[in-house]
Amino acid sequence: MKHLILLFILISNSDIFAQQFPTEGYSLSNPTFLDSTISDYNVVFTAEMHWNKFNDERKKEMVTYLAKNNRINTIVLEASYSYGYWLNQFLENGDTIFLKELTSIYNSTDDADQKIKYQDSYSLYSWLYEFTQTNNLTIKMTGVDLEFIYKPQRPLWSFVKITEKFKDLQVLSKSISDAEHLLTQEKITKSQFKKWFSALEKDISKQKISNSIFNQFINNIEQSLNFGASKGFIYREQVMYQNFLSMINKDDKVFGQFGLSHIMLDDRQMSKNRLTTYLNQNQLFKDKILSIGLVNYDFTTAGSAPYDEYLPFLTKEEFERLTPEFKKLPTNTFVDLRNTDEEIKKYSQLLLIVHE
């Protein structure tokens, strides 16, 4: 009799879990469970662990699904303003030679140690161009992050390209010449870049430059210099938030894939506001954001040994309690928390369970 009761309890618990977290229609490749509610959200954010070879494939799946449901016209990037600007140029003209040059310069998430390629931005954006052309879509790329200067070649390269594109900027001839000279060097130090940029600002102050693209680019560099000088990651999140507000309209249909805690709807273990936390506190976007967290079993990145990654979305207690069932789910399966009693839903309404 005791065995029958135990069997009944086990079956009942299994049924409860299946009802709460079904798998049919919850695959990343065809998440039909979202069809009835996806229009409730103007912003869809997914999480990633950088330098993982499956990140780009997940981006493609989400873009494809959102486009199918007419829920995307903007992709927000964890990247600088200039990178988003140049990607827009590529999406307009399809110049793959230029794309190859661009992605070879801005390759921060393509590899972790410059030896092993974990992602391939060139292939990703070539795919996006073909996808938009085939489906007659217009998608805008918007970089909201800092123009990090730990690789000064990037902003210097963008500066030269922008001044080539806009003839009104040729008045900055001395700064252009100096930037071109620096780019011939095998290594450019931060101090060299800061010295060059200081001279550029003096050059700009003597001119009347009203080019909005150039001014946004310069502002993004200034934000980054402030970050590097004395301010930490809370400052970075605030900058990303302000850049998002300045470049995104409340009615835009936005998708973005960011590193883990950037997409948290509210504070949790980190006890710090993140990009999405700030957005969710703003009346323009409050309750219009769908946050999709990530729980990864047997995760490997940048050549590391496999490990389980559940932070910051789950507490240790939640992870241990839910893992026996989560591990049974096929890889790339969504778990919908919105109609459950789980506290997690206050921070990310959905979790993507992966095994890789």
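Quick caveat, the model's predicted, so the values are computed rather than measured.

Chemist: What exactly am I supposed to notice about unusual backbone geometry here?
Modeler: For residues that are not glycine, phi is negative in most cases, and the peptide bond is trans in most cases. In the segment running from leucine 311 into proline 312, the intervening peptide bond is cis, with an omega of 5 degrees. In this structure, proline 312 sits in the loop between strand S6 (307-309) and helix H12 (316-326). Look at asparagine 136: it is not a glycine, yet its phi comes out positive at around 55 degrees. Checked against the element boundaries, asparagine 136 lands in the loop between helix H5 (121-134) and strand S3 (140-143). A residue is classified by how much of its surface remains accessible, and asparagine 136, at 73% relative accessible area, is exposed. The backbone phi angle of asparagine 332 is positive, close to 60 degrees, even though this residue is not glycine. In this structure asparagine 332 comes out as partly exposed when scored by relative accessible area, which is 22%.

Chemist: Help me understand the environment of glutamate 130, please; the structure alone is not making it clear to me.
Modeler: Positionally, glutamate 130 belongs in helix H5. Distance in space between the C-alpha atoms of glutamate 130 and leucine 91 is 9.0 Å, their sequence separation being 39 residues.

Chemist: Explain the pattern of salt bridges to me, please; I cannot follow it from the model alone.
Modeler: Here the idea is simple: oppositely charged side chains can pair when their charged atoms come close. For the coordinates displayed, the defined rule picks out 16 salt bridges. With its nearest N and O atoms 4.0 Å apart, the salt bridge here joins aspartate 252 to lysine 140. Here the residue aspartate 252 occupies a position in the loop between helix H10 (233-247) and strand S4 (254-259), and lysine 140 occupies one in strand S3, the gap between them amounting to 112 residues. Residue aspartate 252 is classed as buried on the basis of its relative accessible area, which comes to 11%.

Chemist: Help me understand the pairing of strand S1 (residues 43-48), please; the structure alone is not making it clear to me.
Modeler: The side chains of a regular strand alternate between the sheet's two faces. In terms of burial, S1 is a largely internal element, six of the six residues being buried. Residue alternation in S1 divides its side chains into two sets, Val43, Phe45 and Ala47 and Val44, Thr46 and Glu48, and both sets are buried. Where S1 meets S4, six bridges bridge the pair, whose relative direction is parallel. Bridging across to S4, valine 44 finds its partner in phenylalanine 255. In this structure, S1 lies alongside strand S5 (residues 289-299), joined through four bridges in parallel fashion. Its bridge partner being in S5, threonine 46 is matched across the sheet by isoleucine 292.

Chemist: I would appreciate a short explanation of the nonpolar core in the present structure.
Modeler: If you look at the biggest cluster of nonpolar residues, it comprises 106 residues, and the most contacted ones within it are Tyr125, Phe159, Phe214, Phe244 and Phe326. Apart from residues lying up to four places away in sequence, phenylalanine 214 is in contact with Phe159, Ile162, Leu169, Leu172, Ile204 and Ile209.

Parameters and conventions
Residues numbered from 1 in each chain as written. Predicted model: local features only at pLDDT ≥ 70, side-chain atom pairs only at ≥ 80, totals over all residues. Heavy atoms only, no water. Helix = DSSP H or I, 4+ residues; strand = E, 2+ residues; numbered from the N terminus. Buried < 20%, exposed > 50% of the residue type's maximum accessible area, 1.4 Å probe, protein only. Salt bridge = Lys/Arg side-chain N within 4 Å of Asp/Glu carboxyl O. Pairing = 2+ DSSP bridges. Core = buried A, V, L, I, M, F, W, Y, C linked by side-chain atoms within 4.5 Å. Contact = heavy atoms within 4.5 Å.

It is worth stressing that arrangement in space is one thing and function is another; only the former is reported here.
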